[in-house]
Each structure stands twice: as structure tokens, then as C-alpha cells.
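For reference, the chains in residue letters:
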Amino acid sequence: MKQYLVERVKAASSYALALSKAERAITHPGIRGRFRELLIDNLITPWLPPYVQSGTGTIIDAAGEARQFTQDDIILFDKSIVPPILSSPSGASEGVFLYNSVIARIEVKSKVARSDLQKFISSSSDIAKLKHSVRGNPKAPYTGALNSLFAYDADAAGDGNSDYQLHRMIECMHSEKCDPLSGVVSMICIPKYGFWKLGADPSNPASRVWLRLNRKLPEENLAWFVAVLSNSCFREHAIKQGRGDSDTLEDGIGDYFPDDYVVVETE
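What counts and how
Once a new chain begins, its residue numbering starts again from 1 and follows that chain's sequence as written. For a predicted model such as this one, the threshold for reporting local features is a pLDDT of at least 70, and the threshold for listing and counting side-chain atom pairs is 80 or more; totals across whole chains, interfaces and linings nevertheless cover every residue. As a rule here, side-chain values cover all heavy atoms of the structure and leave hydrogens and water aside. Burial classes follow relative accessibility: with a 1.4 Å probe on protein chains only, a residue under 20% of its type's maximum area counts as buried, one over 50% as exposed, and anything between as partly exposed. In DSSP terms, a helix is any run of H or I states spanning at least four residues, a strand is any run of E spanning at least two, and both are numbered starting from the N terminus. Nitrogen and oxygen atoms within 3.5 Å of one another constitute a polar contact, given that in protein one can donate a hydrogen and the other can accept it, and given that sequence-neighbouring residues count only through two side-chain atoms. By definition in these notes, contact holds between two residues if any of their heavy atoms fall within 4.5 Å. The aromatic pairing rule takes the rings of Phe, Tyr and Trp, using the six-membered ring of Trp, and pairs them if the centres are within 6.5 Å, calling planes under 30 degrees apart stacked, those over 60 edge-to-face and the rest tilted. A ring has a charge above it when a Lys NZ or an Arg CZ is no more than 6 Å from the ring centre and no more than 35 degrees off the ring normal.

## Observations concerning unusual backbone geometry
Here is step 1 of the chain: The phi dihedral of lysine 177 falls on the positive side, at around 55°, and the residue is not glycine.
Here is step 2 of the chain: A relative accessible area of 78% means that lysine 177 is categorised as exposed.

## So, the side chain of aspartate 78
Here is step 1 of the chain: Relative to the helices and strands, aspartate 78 resides in strand E2 (residues 72-78).
Here is step 2 of the chain: A distance of 2.5 Å separates the side chain of aspartate 78 from the side chain of histidine 237, its partner in a polar contact.
Here is step 3 of the chain: Ignoring sequence-local partners within four residues, the contact set of aspartate 78 consists of Tyr51, Val52, Ser101, Ile103 and His237.

## Focus: the environment of aspartate 61
Here is step 1 of the chain: With respect to the helices, strands and loops of the structure, aspartate 61 is situated in the loop between strand E1 (52-60) and E2.
Here is step 2 of the chain: As for aspartate 61 and tyrosine 99, which are separated by 38 residues in sequence, their C-alpha atoms are 4.9 Å apart.
Here is step 3 of the chain: What aspartate 61 contacts, discounting residues up to four positions off in sequence, is Tyr99, Leu130 and Lys131.
Here is step 4 of the chain: Polar side-chain contacts of aspartate 61 include one of 2.9 Å to the backbone nitrogen of lysine 131.

## Side note on the packing of aromatic side chains
Here is step 1 of the chain: Applying the stated rule across the entire model yields six aromatic pairs.
Here is step 2 of the chain: Relative to phenylalanine 257, the ring of tryptophan 224 lies with its centre 4.9 Å away and its plane at 85°, an arrangement referred to as edge-to-face. Here tryptophan 224, found in helix H5 (residues 218-240), pairs with phenylalanine 257, found in the loop between H5 and strand E10 (261-264); they are 33 residues apart in sequence, far enough to count as distant.
Here is step 3 of the chain: For tryptophan 224, a relative accessible area of 2% corresponds to the buried category.
Here is step 4 of the chain: Linked through ring pairs, Phe150, Tyr152, Phe195, Phe225 and Tyr261 together constitute an aromatic cluster.
Here is step 5 of the chain: Lysine 197 extends its terminal NZ or CZ atom over the ring of tyrosine 261, reaching a point 4.3 Å from the ring centre.

What follows is the structure, encoded as C-alpha cells:
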């Protein structure tokens with residue numbers, strides 16, 4: 001069953017990547033971009049908890065501070081915590097999402113360039129400044145929304161450097177005065193080149209490092225990206241409810257995927 005689940009998500013990832021190539025025939029860039037967002041959205045949605053949905057729009061906190069970037073491609077929100085303010089009662093998940101409910105946001109690009117990375121880091125930094133509206137006195141601060149970048153392709157290959165895309169992201173983070181280990185950016189997935197996530201150092205779990213999935217196939221990079229998002233949604237739901245993420249049967253599909261990562265040197 002474990003291998004079946006991995007192969008199932010890999011097959012769905014291959015299908016999504018193949019469909020994305022077919023969208024090149026659409027001449028309207030806005031429609032083409034939205035189709036590609038929906039491809040990723042539809043790949044992720046089956047593996048989310050029943051109380052987590054996806055939408056598109058903007059995120060605000062209780063203070064209502066104005067943000068420089070207000071259109072977020074894919075927003076994963078927990079409707080059991082705070083209801084969204086949707087533009088239509090018909091079920092279309094477009095509207096305004098209160099920060100308390102937001103678990104993750106994913107920016108989707110067709111072909112990511114350095115300028116896209118800088119904008120993504122700026123928008124992620126904006127999100128990181130938002131505040132939760134908390135009743136009482138929680139024992140620990142709640143974690144913020146997870147910011148991830150997904151791109152179908154990149155405008156530079158990096159001359160065979162397997163971590164070029166991550167290093168380019170980190171260069172942009174430094175230029176934007178954003179600490180690469182701060183958690184402002186959580187994941188980057190460009191299936192053709194790799195999947196990277198911020199995680200615990202295997203040799204020192206108290207420290208954060210960037211990890212690269214030790215796989216080569218594009219569908220594997222995308223499948224593991226989906227699996228990590230699935231686990232993150234279950235975990236963050238429990239944390240936002242004040243229950244913690246241990247001693248529970250609630251879990252995503254990530255635990256069924258091999259933990260096959262290598263530490264990337266980023267200094």
C-alpha cells in the first residue's frame with residue numbers, strides 16, 4: 001500500500017506536468033496562467049484534510065494593514081478555524097482570507113526568473129509580518145503561513161549545478177535582507193530541476209537547514225512537494241487548535257513517502 005500511494009501521486013504528477021505543456025497552445029496569458037494554477041491546485045486538493053480548502057485572493061490580518069502584494073495564487077486555508085469571505089456563495093473559493101485560517105500560500109509561475117524570485121520573497125516577507133488574532137495567553141506563538149514557490153520551468157539552468165535554483169533563491173533573499181533560515185520561505189519546487197524544503201538538520205534537529213530531495217524525475221519532485229504540503233496541513237491544523245502535532249492519528253500522506261533528502265550547503 002505504501003508503494004502504491006507513492007506511485008499514485010507520481011502518476012498524477014506526471015499527468016499534471018504533461019497537461020501544463022498542452023496549455024502552451026492557449027494564447028491568452030491570463031487564462032493560461034490560471035489553468036496552470038488549477039492544475040497544481042487539483043493535484044494538491046485530494047490529499048488535504050477535509051477541513052482545509054484552497055482558494056485564491058488576498059490575505060489580511062485583524063489589524064487590516066495594507067500589503068504591497070495582495071494577489072496570492074493558491075491559498076490553503078482551514079475553514080474550521082475562521083470562515084473565508086468569499087466573493088460568491090456558489091462555492092467559488094475566491095475572496096479574502098483571514099490570516100488565522102491560512103496554513104500555506106503557493107505562488108505559481110510558468111517560467112520563473114530572478115525578478116519573480118525577488119517579488120516572491122517580498123510578498124512572503126509581507127505575509128510573515130501579519131499577526132494572528134489570539135484569545136487568551138497561548139503557551140507558544142503560532143507558526144505563520146508557509147510560503148512556497150512552484151514553477152513549471154526556470155529561465156536559467158545553472159550549468160549542471162543541482163542546487164542552482166535554490167542558490168539563486170538564497171542570493172535573492174540576501175539581496176532582499178531576508179534570512180534564508182528564517183522560515184519566511186519554506187519550499188521551492190521546480191520539477192525539472194528539483195524540490196527543496198527548509199527543515200531540521202539531521203545531525204542537529206534544533207537547527208534549520210535547506211534540504212534537497214534526492215530524486216531525479218520531475219514527477220518525483222512534484223509528488224514529494226504535494227506530500228509535504230499534505231502533512232503540513234494536518235500538522236498546522238492541530239497546532240492552530242492548541243493540541244500540538246503529536247499523539248494523534250491525524251496525518252497526511254507524507255509519512256508514506258521515503259525520507260530521502262540531502263543537506264544543501266548554503267553558506
